[in-house]
Amino acid sequence: MPVITTIDDLKRLHERRVPRMFYDYAESGSWTEQTFRDNTSDFARIRLRQKVAVDMSGRSTASKMIGQDVAMPVALAPVGLTGMQHADGEIKAAQAAAAFGVPFTLSTMSINSIEDVAEATDKPFWFQLYTMKDADYVRRLIERARAAKCSALVITLDLQILGQRHKDLKNGLSAPPKLTPKTVANLLTKWSWGIGMLGAKRRHFGNIVGHVQGVSDTAALGAWTAEQFDLTLDWNKIAKLMEMWDGKVILKGILDPEDAKMAAKLGADAIIVSNHGGRQLDGALSSIRMLRPILDAVGGETEVHLDSGIRSGQDVLKALAMGAKGTMIGRAFVYGLGAMGRQGVETALSVIHKELDTTMALCGETDVNDLGRHNLLIPDDFEGRWQA
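Residues numbered from 1 in each chain as written. Predicted model: local features only at pLDDT ≥ 70, side-chain atom pairs only at ≥ 80, totals over all residues. Heavy atoms only, no water.

Undergrad: Quick rundown of the overall build of the protein chain? Include the residues and the values.
TA: Within the protein chain, the secondary structure is distributed over 16 helices and 12 strands. Looking at the protein chain as a whole, 56% of its 388 residues qualify as buried. Long-range contacts, defined here as pairs at least 24 residues apart, represent 75% of the contacts in the protein chain between residues at least 6 apart. Carbon and sulfur atoms make up 52% of the accessible area of the protein chain, which amounts to about 16500 Å² in all. Side-chain charges of the protein chain comprise 46 positive and 46 negative groups, with the mean position of each set lying 4 Å from the other. (Helix = DSSP H or I, 4+ residues; strand = E, 2+ residues; numbered from the N terminus. Buried < 20%, exposed > 50% of the residue type's maximum accessible area, 1.4 Å probe, protein only. Contact = heavy atoms within 4.5 Å. Areas by Shrake-Rupley, 256 points an atom, 1.4 Å probe, with all protein chains shown as cover. Lys, Arg positive; Asp, Glu negative; His and termini not counted. Charge placed at Lys NZ, Arg CZ, Asp CG, Glu CD.)

Shown next as structure tokens:
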């Protein structure tokens, strides 16, 4: 077993063990991938203030996200096709999150279904909703999440139309993978992944197949999905979805202060500053750059979380010190899942927790809830004077 000390260690194992199309699915952005790169490089521009001669004993990373106790303010983000990174991937990731004490978010486009995850876990999880044209399907999906006792609905707002990811098109991304000469050649080098998938509970989109009339195979699924994202989604429709759920709601994909004000006005329990991991609007600013303007816009009316670009506990600390109440990790836990299944997700969380805890101490803080801009050194131009 290799010694794992960073998320990058897990990323290297992930690339070695998972088929190319699924590795590329996780490790890519749209168009030129400018925003994808900026999400991580902009974190590196923020520096930390070291403090010494401070009592570092009795440290705590415990906090709350939408009123829920968390071991650290980190949730596992919704990631589609997680069950293709490792057999029963969503189940294993949810179990790891529950064991660690952080929230897990199941994607609409998961391989394991809502019911699969609920049956295999003993703690409530969050469910992420993509809005589809098929209103009856969306209504039943919400009912299924309620029946599974999901503790929050995460409505994604930034995928009404799919951003083009070149690698996915060139790889012929599908679940399960189509057996072309190119994919077969690659799969032959990933035998441990293949053996695991032979015993997987599912190998297609469990929240869709069998729940939509006429969608019973991969071909029908592809045709249905390509036409289903709702181009007409607006704030009125979002309000109706929130009313339909009648529980805690998090609105994900906010990157503009005016949109943040609207989300707060609707009464969202939290908003997530996110550019979909750089997979939608290429050329948009990184999430960490947009965090402060959005915090200023909502003025404490709703919790603000941050997603996109977090690869370490130091990134978590920077986001919290900048004012976020919580954070989300996507690729960081997917690397661990692809590398070592449930153990890999637990390892990713442990790595991030240790980095957060140690960095917090060296910054002179003992409680994660006391972090603030006083712990950071931020470049003068970081939050920018961008002209609209």
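Undergrad: Could you give me a rundown of the nonpolar core, with the residues and numbers involved?
TA: A general tendency of soluble globular proteins is for nonpolar side chains to be buried together. L76, L251 and I271 are the most contacted members of the largest nonpolar core, which has 110 residues in total. The dominant element in this core, judged by the number of residues it contributes, is helix α16 (residues 331-362), at 14 residues. Leaving out residues up to four positions away in the same chain, L76 has contacts with A93, A97, V102, P103, F104, T105, M328, I329, F333, V345 and L349. Grouped together as the second largest cluster of nonpolar side chains are 12 residues, V70, A75, A77 and W126 included. (Core = buried A, V, L, I, M, F, W, Y, C linked by side-chain atoms within 4.5 Å.)

Undergrad: Tell me about the layout of surface pockets, residues and numbers included.
TA: Estimated volume of the largest pocket: approximately 1300 Å³. Forming the walls of the largest pocket are 50 residues, and the residues nearest its centre are Y25, L162, R165, L173 and R279. Contributing elements (two or more residues each) for the lining of the largest pocket: α2 (20-26), α8 (166-171), α11 (218-228), β11 (326-329) and α16. Its residues assigned to classes, the lining of the largest pocket shows 23 nonpolar, 17 polar and 10 charged. Considered as a void within the structure, the second largest pocket measures approximately 320 Å³ in volume. Contributing to the lining of the second largest pocket are 16 residues, with D158, G253, L255, L281 and A284 lying nearest its centre. For the lining of the second largest pocket, the residue count by class is 8 nonpolar, 5 polar and 3 charged. (1 Å grid on protein atoms, 1.4 Å probe; cavity = no way out; pocket = protein on both sides within 12 Å on 5 of 7 lines; lining within 4 Å. Points joined across faces, edges and corners; volume = space filled by probe spheres on them. Nonpolar A, V, L, I, M, F, W, Y, C, P; charged D, E, K, R; others polar.)

Undergrad: An account of the packing of aromatic side chains is needed here, citing residue identities and associated values.
TA: Between two aromatic rings, the relevant description is the distance of the centres plus the angle of the planes. Scanning the entire structure with this criterion turns up 2 aromatic pairs. Ring centres of Y130 and F229 lie 5.6 Å apart, and the angle between their planes is 85°; on these two criteria the pair is classed as edge-to-face. Here Y130, found in the loop between β6 (126-129) and α7 (135-147), pairs with F229, found in the loop between α11 and α12 (235-245); they are 99 residues apart in sequence, far enough to count as distant. Taken as a pair, Y130 and F229 share a single burial class, namely buried. In this arrangement the basic side chain of R279 is found over the ring face of Y25, its NZ or CZ atom lying 4.5 Å from the centre. Above the plane of the ring of F382 lies R289, whose end atom (NZ or CZ) is 5.1 Å from the centre. (Phe/Tyr/Trp six-rings, centres within 6.5 Å; stacked < 30°, edge-to-face > 60°. Lys NZ or Arg CZ within 6 Å of the ring centre and 35° of its normal.)

Undergrad: Any details on α12? Residues and values, ideally.
TA: In an α-helix, one turn spans 3.6 residues; hence positions three or four apart end up facing the same way. Every buried residue of α12 is listed here: I238, L241, M242 and W245. Relative to the axis of α12, the buried residues are bounded by an arc of 100° and lie together on one face. Exposed positions of α12 whose direction lies more than 90 degrees from the buried face are N236, K240 and E243. For α12, the secondary structure elements touched by its buried residues are β6, α7, β7 (152-156) and β8 (249-254). Just past α12, the residue D246 takes up positive phi, approximately 55°. (Arc of directions from axis to C-beta.)

Undergrad: Lay out unusual backbone geometry in plain terms, naming residues and giving numbers.
TA: Cis peptide bonds are those with omega within 30 degrees of zero, and the linkage from A175 to P176 qualifies with -5°. Its location among the elements puts P176 in the loop between α8 and α9 (181-187). Backbone geometry places L81, a non-glycine residue, at a positive phi of 60°. Along the chain, L81 falls in the loop between β4 (74-76) and α4 (82-85). Residues other than glycine seldom take positive phi values, yet D246 does so here, at roughly 55°. Of note, D246 is situated in the loop between α12 and β8.

Undergrad: Any details on helix α14 (residues 287-298)? Residues and values, ideally.
TA: When the terminal C-alpha atoms of α14 are compared, their 16 Å separation across 12 residues agrees well with the 16 Å that a helix rising 1.5 Å per residue should span. With 9 of its 12 residues buried, α14 lies for the most part within the structure. Buried residues of α14: S287, I288, R289, M290, L291, I294, L295, A297 and V298, and no others. In the core, the buried residues of α14 are packed alongside α3 (34-45), β8, α13 (257-265), β9 (270-273), β10 (303-306) and α15 (313-321). Count one or two residues on from α14 and you reach G299, which has phi positive near 55°. (Expected span 1.5 Å × (residues − 1).)

Undergrad: Summarise the sheet that holds β7; cite the residues concerned and give the values.
TA: Spatial strand order, β4-β11-β10-β9-β8-β7-β6-β5: 8 strands in an open sheet with parallel pairing. Here the strands that pair on one side only, and so sit at the sheet edges, are β4 and β5 (105-106). Bridge count between β7 and β8: 4 bridges; the pairing is parallel. Of the residues in β8, the one forming a bridge with I155 is L251. Each of β4, β10 and β11 touches α15; the most contacted strand, β11, lies at about 145° to it. (Pairing = 2+ DSSP bridges. Axes fitted to C-alpha atoms, helices over the stretch in contact; angles between N-to-C directions.)

Undergrad: Explain the pairing of β6 to me, and be specific about the residues and the numbers.
TA: Of the two faces of β6, the one holding W126 and Q128 and the one holding F127 and L129 are both buried throughout. Bridge count for β6 against β7 is 4 bridges, and the pairing is parallel. Looking across to β7, one finds that W126 is bridged to A152.

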